[in-house]
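Breakdown of the fold
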Amino acid sequence: MRRKMTHHLLISLLIFLFPLIFFTEMAMAENTKIPVKVGVVLDLDTWGGKMGLSCISMALSDFYASHCHYNTSILLRIRDSKSDVVGAAAAV
């Protein structure tokens, strides 16, 4: 009798835990961010380059603050052109 009760308890526990683990894993998979790399080439020695980088960073921060449900995450890959247009084009 005791063995049968333990058997039923074990089966009940498995029936309860399996969906719990399954749906927890699915929820965790939905919360993962997909990184998207975006290249940014600016002349960081000038005021315009510094201001541009600051504006891009603030815009991304504001966007994700108000759209936290997005699964993508933009990662900026920043390169300094060092006032060289040809070098900046080659960096891309």
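1. What about the pattern of salt bridges?
Here the structure, examined in full by the defined rule, presents one salt bridge. Here D80 makes a salt bridge to K82, at a shortest N to O gap of 3.9 Å. On the basis of relative accessibility, which here comes to 58%, the residue K82 falls in the exposed class.

2. Focus on a nonpolar patch on the surface
A contiguous nonpolar patch, built from I34, V36, V38 and I74 and spanning about 270 Å² of accessible area, is present on the exposed surface. The greatest single-element share of the nonpolar patch, amounting to three residues, is contributed by strand β1 (residues 34-42). For V36, the location among the structural elements is in strand β1. Looking at V36, the relative accessible area reads 34%, which means it is partly exposed.

3. A look at the pairing of strand β2 (residues 72-80)
In this structure, β1 lies alongside β2, joined through nine bridges in parallel fashion. Each bridged residue has a counterpart across the sheet, and for I34 the counterpart in β2 is T72. Where the polypeptide runs from β1 across helix α2 (residues 47-66) and back to β2, its parallel neighbour, the crossover connection is right-handed.

4. Section: the packing of aromatic side chains
Evaluation of the coordinates by the stated rule reveals two aromatic pairs. Ring geometry for F63 against Y64: centres 5.2 Å apart, planes inclined by 80°, an arrangement best described as edge-to-face. We classify F63 as partly exposed; its relative accessible area is 30%. Ring centres of F63 and Y70 lie 5.2 Å apart, and the angle between their planes is 85°; this geometry places the pair in the edge-to-face category. Residue Y70 is classed as partly exposed on the basis of its relative accessible area of 33%. The structure contains a cluster of three or more aromatic residues connected by ring pairs, namely F63, Y64 and Y70.

Basis of the calculations
Residues numbered from 1 in each chain as written. Predicted model: local features only at pLDDT ≥ 70, side-chain atom pairs only at ≥ 80, totals over all residues. Heavy atoms only, no water. Salt bridge = Lys/Arg side-chain N within 4 Å of Asp/Glu carboxyl O. Buried < 20%, exposed > 50% of the residue type's maximum accessible area, 1.4 Å probe, protein only. Patch = residues over 30% accessible without salt bridge, like charges linked within 9 Å, V, L, I, M, F, W, Y side chains within 5 Å. Areas by Shrake-Rupley, 256 points an atom, 1.4 Å probe, with all protein chains shown as cover. Helix = DSSP H or I, 4+ residues; strand = E, 2+ residues; numbered from the N terminus. Pairing = 2+ DSSP bridges. Right-handed = clockwise from strand over helix to strand, strands pointing away. Phe/Tyr/Trp six-rings, centres within 6.5 Å; stacked < 30°, edge-to-face > 60°.

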